[in-house]
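Reading the structure
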Amino acid sequence: MTNPKIRLTPKENKELRRRLRSRTMAVAEARRAQIILLLAQGHSFGSIRRKLSCTDRSINTWKQRFLAQRLPGLASRYRGRKTHPQ
């Protein structure tokens, strides 16, 4: 089983760095950008896990979503808790 490497276009690299530096971007979005940038630089899951205090599952989730959908895949899918009428 091969582990696909992340290769960024110059435009993607610029956008991910912008997200990482942004003061108005949600922390979770900046963290996703940092995960992808570190993967593209060749860092291992263990290295990223230690640096960002996250799980392998989290790293893999964002890696797979980025590989499948590129930058749009890093958007949060969380839409809040549904409320049920009583």
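The structure we're discussing is the one just above.
Keep in mind that what you see is a predicted model, and the values were worked out from it rather than measured.

**A short note on unusual backbone geometry**
- If you check the backbone angles, S53 has positive phi at about 55° while not being a glycine.
- Examined against the element boundaries, S53 turns out to sit in the loop between helix 3 (45-52) and helix 4 (56-69).
- In the Ramachandran plot, R70 falls in the positive-phi region, its phi being about 60° despite a non-glycine side chain.
- Position of R70 relative to the elements: it lies in the segment after helix 4.
- Looking at R70, the relative accessible area reads 26%, which means it is partly exposed.

**With respect to the pattern of salt bridges**
- Inspection of the entire model under this criterion finds four salt bridges.
- R19 serves as the salt-bridge partner of E15, at 2.9 Å between the closest nitrogen and oxygen. Taken together, the residues E15 and R19, both in helix 1 (residues 10-21) and four residues apart, mark about one turn of the helix. Both residues of the pair, E15 and R19, belong to the buried class.
- The residue D56 makes a salt bridge to R49 at a minimum N-O spacing of 2.7 Å.

Rules of the game
- Residues numbered from 1 in each chain as written.
- Predicted model: local features only at pLDDT ≥ 70, side-chain atom pairs only at ≥ 80, totals over all residues.
- Heavy atoms only, no water.
- Helix = DSSP H or I, 4+ residues; strand = E, 2+ residues; numbered from the N terminus.
- Buried < 20%, exposed > 50% of the residue type's maximum accessible area, 1.4 Å probe, protein only.
- Salt bridge = Lys/Arg side-chain N within 4 Å of Asp/Glu carboxyl O.

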